[in-house]
Amino acid sequence: MKVLLHICCGPCSIYPVRVLREQGHDVYGYFYNPNIHPYQEYDRRKQTLIEYARSIELPLIFPKANQEYDLESYLRQVVFRESERCRFCYHHRLGAAAKTARAGKFDAFTSTLLYSKFQKHELIAQTGQAEAGSGRVKFLYQDFREGWKEGVEKSRELGLYRQQYCGCIYSEKERYSPGIGYKKDAHPQG
């Protein structure tokens, strides 16, 4: 199948890309993550992915320049709903991936969000299925978490930048704010 893989960062793409290719899929990466804050963090993750994708010959797709880092749209969806921010974030990003997959005549789409042991796995799977709907493109569910350790080791071996929080301003606050300290759902990557 021709598969669009929504990618949140370079390190998280290592295992899913390898597995999908071994299964015989034609894989394209899709980077759409307007939740990542601040912009320098967003750009660092994007550049790390670009460098890694070149090294493995993974074609990448980005939204139009004026839609790529749509922080305002993301914030409008989560403000006053911070306790449900992950639900809105998954919907926002997987919805964009589904739309891009349909427009690009892909057979299916999936996400590296299914790789992280810190993400809300079942919610991601439900959201992906809902975004696929009953249309031509389907959500390719696969539990990539079994490759967590392999991906971490490989990313360190390659010297890839590994972020320390999921990406949004709220997870950054949870990770670094004095008095709050580390919380498991801050989704550290490093």
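The rules behind the values
Within each chain, residue numbers correspond to sequence positions counted from 1 in written order. For this predicted model, a pLDDT threshold of at least 70 governs which residues receive local features, and a threshold of 80 or more governs which side-chain atom pairs are given and counted, while totals over whole chains, interfaces and linings are taken from all residues. In computing side-chain values, all of the structure's heavy atoms are included and hydrogens and water are not. As a rule, the C-alpha atoms of each element are fitted with a line to give its axis, helices using only the stretch in contact, and angles between N-to-C directions run from 0 to 180 degrees. A run of DSSP states H or I qualifies as a helix once it reaches four residues; a run of E qualifies as a strand once it reaches two. Both are numbered from the N-terminal end. An angle below 35 degrees is read as roughly parallel, one above 145 as roughly antiparallel, one from 65 to 115 as roughly perpendicular, and any other as oblique. Handedness of a crossing is defined here by the sense of rotation of the near helix relative to the far one, left-handed for an anticlockwise turn of less than a right angle and right-handed for a clockwise turn. The criterion used for residue contact is that any of the two residues' heavy atoms lie within 4.5 Å. In the scheme used here, Gly and all other residues not listed as nonpolar or charged are polar, with Ala, Val, Leu, Ile, Met, Phe, Trp, Tyr, Cys and Pro taken as nonpolar and Asp, Glu, Lys and Arg as charged. Here, nonpolar core refers to any group of buried Ala, Val, Leu, Ile, Met, Phe, Trp, Tyr and Cys residues whose side-chain atoms link them within 4.5 Å. Burial classes follow relative accessibility: with a 1.4 Å probe on protein chains only, a residue under 20% of its type's maximum area counts as buried, one over 50% as exposed, and anything between as partly exposed. The pairing test for Phe, Tyr and Trp rings, Trp by its six-membered ring, is centres within 6.5 Å, and the orientation test on the planes gives stacked under 30 degrees, edge-to-face over 60, and tilted for anything in between. Here, the arc refers to the directions that run from the helix axis to the C-beta atoms.

Contact geometry of helix 1 (residues 10–22) with helix 7 (residues 148–158) gives a least axis separation of 8 Å together with a crossing angle of 120°. On the basis of the axis angle, helix 1 is oblique to helix 7. The two elements helix 1 and helix 7 meet at a crossing, and its hand is right-handed. Counting all contacts with helix 1, which are made through Pro-11, Ile-14, Tyr-15 and Arg-18, the residues of helix 7 involved are Glu-150, Gly-151, Lys-154, Ser-155 and Leu-158. Broken down by class, the residue content of the contact of helix 1 with helix 7 amounts to four nonpolar, two polar and three charged.

This brings us to the nonpolar core. Among the nonpolar cores identified, the biggest contains 50 residues, and Leu-20, Tyr-74, Tyr-90, Phe-109, Tyr-115 and Phe-144 are the most heavily contacted of them. Top contributing element to this core by residue count: helix 5 (residues 85–103), with eight residues. Tyr-74 has contacts with Pro-34, Asn-35, Cys-89, His-92, Cys-168 and Tyr-170, leaving out every residue within four places of it along the chain.

Another point: the packing of aromatic side chains. Enumeration according to the criterion identifies twelve aromatic pairs in this entry. Pairing Phe-31 with Phe-62 gives two aromatic rings, centres 6.2 Å apart and planes at 65°, and the pair type is edge-to-face. Taken together, the residues Phe-31 in the loop between strand 2 (26–30) and helix 2 (39–56) and Phe-62 in the loop between strand 3 (60–61) and helix 3 (65–68) connect sequence positions 31 residues apart. By relative accessible area, which is 0% here, Phe-31 ends up buried. The interplanar angle of 75° and the centroid separation of 5.6 Å between the aromatic rings of Phe-118 and Trp-148 together place this pair among those described as edge-to-face. Of the two residues, Phe-118 is situated in the loop between strand 4 (108–111) and helix 6 (121–132) and Trp-148 in helix 7; the sequence distance between them amounts to 30 residues. The structure contains a cluster of three or more aromatic residues connected by ring pairs, namely Phe-31, Tyr-39, Tyr-42, Phe-62 and Tyr-69.

The set of residues buried in helix 8 (residues 169–176) consists of Tyr-170, Ser-171 and Glu-174. The buried side chains of helix 8 occupy one side of the element, clustering within an arc of 95° when seen end-on. Of the surrounding secondary structure, the elements contacted by the buried residues of helix 8 are helix 4 (71–78) and helix 5.

Along helix 7, the residues classified as buried are Trp-148, Gly-151, Val-152 and Ser-155. Seen from one end, helix 7 has its buried residues packed into an arc of 100°, which puts them on one side. Counted as exposed and oriented over 90 degrees from the buried face of helix 7: Lys-149 and Glu-157. Buried positions along helix 7 lie against helix 1.

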